[in-house]
Amino acid sequence: MQIMTRLIALSRAMQLRRQFREINKTLELLPPAARRQLAGIALREFTSASKSEFPHLYATPPEEKYRPWGSGTDIGLERLRSDNLQVRLRGVALWLTVVFHETKDSPFGEQQELHRQAMRCLRSLKEGVPADDLNRWMVEGAEAA
């Protein structure tokens, strides 16, 4: 059973790594204003996901909750391919949120590396936002909760 679990984790890591390349390419091409917008959207997505019972299944339809992993990354990637900038930004934010939670406590090295890459992306988004905007978003997020 351990071999099967390891194989499933490895295939999932390969799939997420492939998707991450597309996400990362999109992030690199975003202008600073869109990156600031994305940081705000990502903060809201993280707040919503952290309130859910299973954050790694965030955005997954309830009837799919018994699958090995959720469909949040697929939904995020689908949105990323939209022509609308807002939809693309929401897709990136959703993807980062789900991958963060899915890989957070993984015992597998490949998924730990994906978690570090997601953290780097989130850190770069955070660093691109002025401190007063970030503080305002945090207060607004806390009030909404």
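In what follows, the structure referred to is the one given above.
Okay, so let's go over this structure. (Residues numbered from 1 in each chain as written. Predicted model: local features only at pLDDT ≥ 70, side-chain atom pairs only at ≥ 80, totals over all residues. Heavy atoms only, no water.)

### Describing helix α1 (residues 2-29)
In this model α1 runs 40 Å from its N-terminal to its C-terminal C-alpha over 28 residues, within 8% of the 40 Å that 1.5 Å per residue would give. Burial in α1 covers these residues: A9, R12, A13, L16, Q19, F20, I23, T26 and L27. Those residues of α1 that are buried lie in contact with α2 (32-51), α3 (72-80), α4 (85-103) and α5 (109-127). (Helix = DSSP H or I, 4+ residues; strand = E, 2+ residues; numbered from the N terminus. Expected span 1.5 Å × (residues − 1). Buried < 20%, exposed > 50% of the residue type's maximum accessible area, 1.4 Å probe, protein only. Contact = heavy atoms within 4.5 Å.)

### Side note on a positive patch on the surface
A surface patch of like charges, here positive, comprises R17, R18, R21 and K25. Its place among the elements puts R21 in helix α1. (Patch = residues over 30% accessible without salt bridge, like charges linked within 9 Å, V, L, I, M, F, W, Y side chains within 5 Å. Areas by Shrake-Rupley, 256 points an atom, 1.4 Å probe, with all protein chains shown as cover. Salt bridge = Lys/Arg side-chain N within 4 Å of Asp/Glu carboxyl O. Lys, Arg positive; Asp, Glu negative; His and termini not counted. Charge placed at Lys NZ, Arg CZ, Asp CG, Glu CD.)

### Some points on the environment of V98
Structurally, V98 is set in helix α4. On the basis of relative accessibility, which here comes to 1%, the residue V98 falls in the buried class. As a C-alpha pair, V98 and T73 span 25 residues in sequence and 6.3 Å in three-dimensional space. Apart from the residues lying within four places of it in its own chain, the contact partners of V98 are H56, Y58, G72 and T73.

### Considerations on the packing of α1 against α4
Where α1 contacts α4, the axes come no closer than 11 Å and their chain directions differ by 145°. Like other packed secondary-structure pairs, α1 and α4 cross with a definite hand, here left-handed. Each of R12, L16, Q19, F20, I23, T26 and L27 in α1 lies in contact with α4, whose residues at this interface are V92, W95, V99, E102 and T103. Classifying every residue of the contact of α1 with α4 by side-chain character gives seven nonpolar, three polar and two charged. (Axes fitted to C-alpha atoms, helices over the stretch in contact; angles between N-to-C directions. Left-handed = near helix turned anticlockwise from the far one by under 90°. Nonpolar A, V, L, I, M, F, W, Y, C, P; charged D, E, K, R; others polar.)

### Focus: the pattern of salt bridges
If charged atoms from side chains of opposite charge come close, those side chains can pair. According to the stated counting rule, one finds seven salt bridges in the structure shown. Residue R12 is joined to E102 by a salt bridge in which the shortest nitrogen-to-oxygen separation is 2.6 Å. You can see R12 sitting in helix α1 and its partner E102 sitting in helix α4, a full 90 residues away along the chain. When its relative accessible area of 15% is taken as the criterion, E102 is described as buried. In this structure, the salt-bridge partner of R67 is E64, at a minimum N-O distance of 2.7 Å. Classification of E64 by relative accessible area gives partly exposed; the value is 23%. Counted as one network, the salt bridges with shared partners bring together E113, R116 and R120.

### Considerations on the packing of aromatic side chains
Per the counting criterion, the structure on display carries two aromatic pairs. Aromatic side chains F20 and W95 sit 6.1 Å apart centroid to centroid with 35° between the ring planes, which places their arrangement in the tilted category. Pair noted here: F20 is in helix α1 and W95 is in helix α4, with a separation of 75 residues, a long-range link. By relative accessible area, F20 is classed as buried at 9%. A relative accessible area of 0% means that W95 is categorised as buried. (Phe/Tyr/Trp six-rings, centres within 6.5 Å; stacked < 30°, edge-to-face > 60°.)

### What to know about α3
Within the sequence span of α3, burial applies to G72, T73, G76, L77 and L80. Along the long axis of α3, the arc covered by the buried residues comes to 130°, so they all point the same way. Looking at the packing, one finds that the buried side of α3 touches α1 and α4. (Arc of directions from axis to C-beta.)

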